[in-house]
Amino acid sequence: AQSVAQPEDQVNVAEGNPLTVKCTYSVSGNPYLFWYVQYPNRGLQFLLKYITGDNLVKGSYGFEAEFNKSQTSFHLKKPSALVSDSALYFCAVRAPGQNFVFGPGTRLSVLP
Amino acid sequence: DVKVTQSSRYLVKRTGEKVFLECVQDMDHENMFWYRQDPGLGLRLIYFSYDVKMKEKGDIPEGYSVSREKKERFSLILESASTNQTSMYLCASSPGTSLYEQYFGPGTRLTVT
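Residues numbered from 1 in each chain as written. Chains lettered and ligands numbered in written order. Predicted model: local features only at pLDDT ≥ 70, side-chain atom pairs only at ≥ 80, totals over all residues. Heavy atoms only, no water.

Caption draft 1: Representation of the packing of aromatic side chains within the structure. Evaluation of the coordinates by the stated rule reveals 15 aromatic pairs over all chains. Both rings, one in Tyr36(A) and one in Phe102(A), keep their centres 5.8 Å apart while their planes meet at 50°; by these two values the pair is tilted. Taken together, the residues span a long stretch of sequence, with Tyr36(A) in strand β5 (residues 32-38) and Phe102(A) in strand β11 (residues 101-102) at a distance of 66 residues. Seen from their ring centres, Phe102(A) and Tyr35(B) are 5.4 Å apart, and the 85° between their planes marks the pair as edge-to-face. Of the two residues, Phe102(A) is situated in strand β11 and Tyr35(B) in strand β4 (residues 31-38); the pairing between them involves two chains. In terms of burial, Phe102(A) and Tyr35(B) fall into one category: buried. Positioned above the aromatic ring of Phe63(A), the side-chain terminus of Lys78(A) is 5.0 Å from the ring centre. (Phe/Tyr/Trp six-rings, centres within 6.5 Å; stacked < 30°, edge-to-face > 60°. Helix = DSSP H or I, 4+ residues; strand = E, 2+ residues; numbered from the N terminus. Buried < 20%, exposed > 50% of the residue type's maximum accessible area, 1.4 Å probe, protein only. Lys NZ or Arg CZ within 6 Å of the ring centre and 35° of its normal.)

In structure tokens:
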């Protein structure tokens with residue numbers, strides 16, 4: 001069975017500092033990994049995905065994520081956080097032919 | 001840009017009422033999904049559809065049904081609303097392979113009183 005863990009309910013970071021939102025997964029076979037962001041009272045917006053190839057994936061709004069197969073992780077990163085990055089972030093995994101499984105979400109607060 | 005729209009942003013219904021949530025996508029996607037989102041639980045899949053008139057149960061189908069009569073439209077039905085169905089409901093669509101991300105609508109916040 002597939003599963004996704006986001007070990008931190010809340011991440012606080014000062015504006016301008018680097019941020020990391022953690023994600024680990026469990027899946028049979030090669031995973032497809034995704035990050036989404038949700039702003040208040042909005043649907044989810046796609047940020048980036050890993051399918052195959054380079055382990056470092058770059059996405060929207062300056063975000064990137066690194067696929068680490070040995071640690072079964074796909075952490076989301078940004079070199080310099082903005083107050084406008086404050087939102088709820090979801091990691092999702094999908095095995096080929098299977099449905100998406102979403103993590104519980106991590107609330108990111110960027111403090112001015 | 002892919003657009004997924006949902007019929008209502010906010011909805012208040014009484015216990016026992018029949019509730020219809022509508023979702024429309026404009027990108028000719030084969031797949032459509034209904035999730036509910038609750039704090040600390042992430043998104044849980046209620047039902048999905050891979051084609052017109054096709055439907056499959058997700059992880060939490062009890063108390064819900066769906067209808068997909070046209071490719072662009074996927075409806076979620078609460079046959080008899082209960083207070084434990086108070087939640088945010090999100091519709092999503094995606095192309096027909098696993099490589100693609102899902103595109104989400106803005107959500108419907110349903111309150112059952």
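We are not done yet, so read on.
Caption draft 2: Quick look at the pattern of salt bridges. Enumeration over the complete set of coordinates arrives at 9 salt bridges over all chains. Its salt-bridge partner being Lys49(A), residue Glu101(B) comes within 2.9 Å of it at the nearest N-O pair. Of this pair, Glu101(B) sits in the loop between β9 (87-94) and β10 (103-104) while Lys49(A) sits in strand β6 (residues 44-50), placing the two residues on different chains. On the basis of relative accessibility, which here comes to 8%, the residue Glu101(B) falls in the buried class. The class of Lys49(A) is partly exposed, set by a relative accessible area of 25%. As a salt-bridge pair, Lys78(A) and Asp85(A) come within 2.8 Å of each other at their nearest N and O atoms. Summarising the burial analysis for this pair, Lys78(A) and Asp85(A) share the class buried. When salt bridges with common partners are traced through the structure, they connect Arg36(B), Asp38(B) and Arg44(B) into a single cluster. (Salt bridge = Lys/Arg side-chain N within 4 Å of Asp/Glu carboxyl O.)

Caption draft 3: Molecular detail of the state of the cysteines. Scanning the entire structure with this criterion turns up 2 disulfides over all chains. Here Cys23(A) is linked by a disulfide to Cys91(A), with a sulfur-sulfur distance of 2.0 Å. Across the disulfide from Cys23(A) to Cys91(A), rotation about the S-S bond amounts to roughly -65°, and the bridge is consequently left-handed. Of this pair, Cys23(A) sits in the loop between β3 (19-21) and β4 (24-26) while Cys91(A) sits in strand β10 (residues 87-94), placing them 68 residues apart in sequence. With respect to class, Cys23(A) is no different from Cys91(A); both count as buried. There is a disulfide in this structure between Cys23(B) and Cys91(B), and the S-S distance comes to 1.8 Å. Between Cys23(B) and Cys91(B) the sulfur-sulfur dihedral comes to about -75°; the bridge is accordingly left-handed. You can see Cys23(B) sitting in strand β3 (residues 19-25) and its partner Cys91(B) sitting in strand β9, a full 68 residues away along the chain. For Cys23(B), a relative accessible area of 0% translates into the label buried. By relative accessible area, Cys91(B) is classed as buried at 0%. (Disulfide = S-S within 2.5 Å.)

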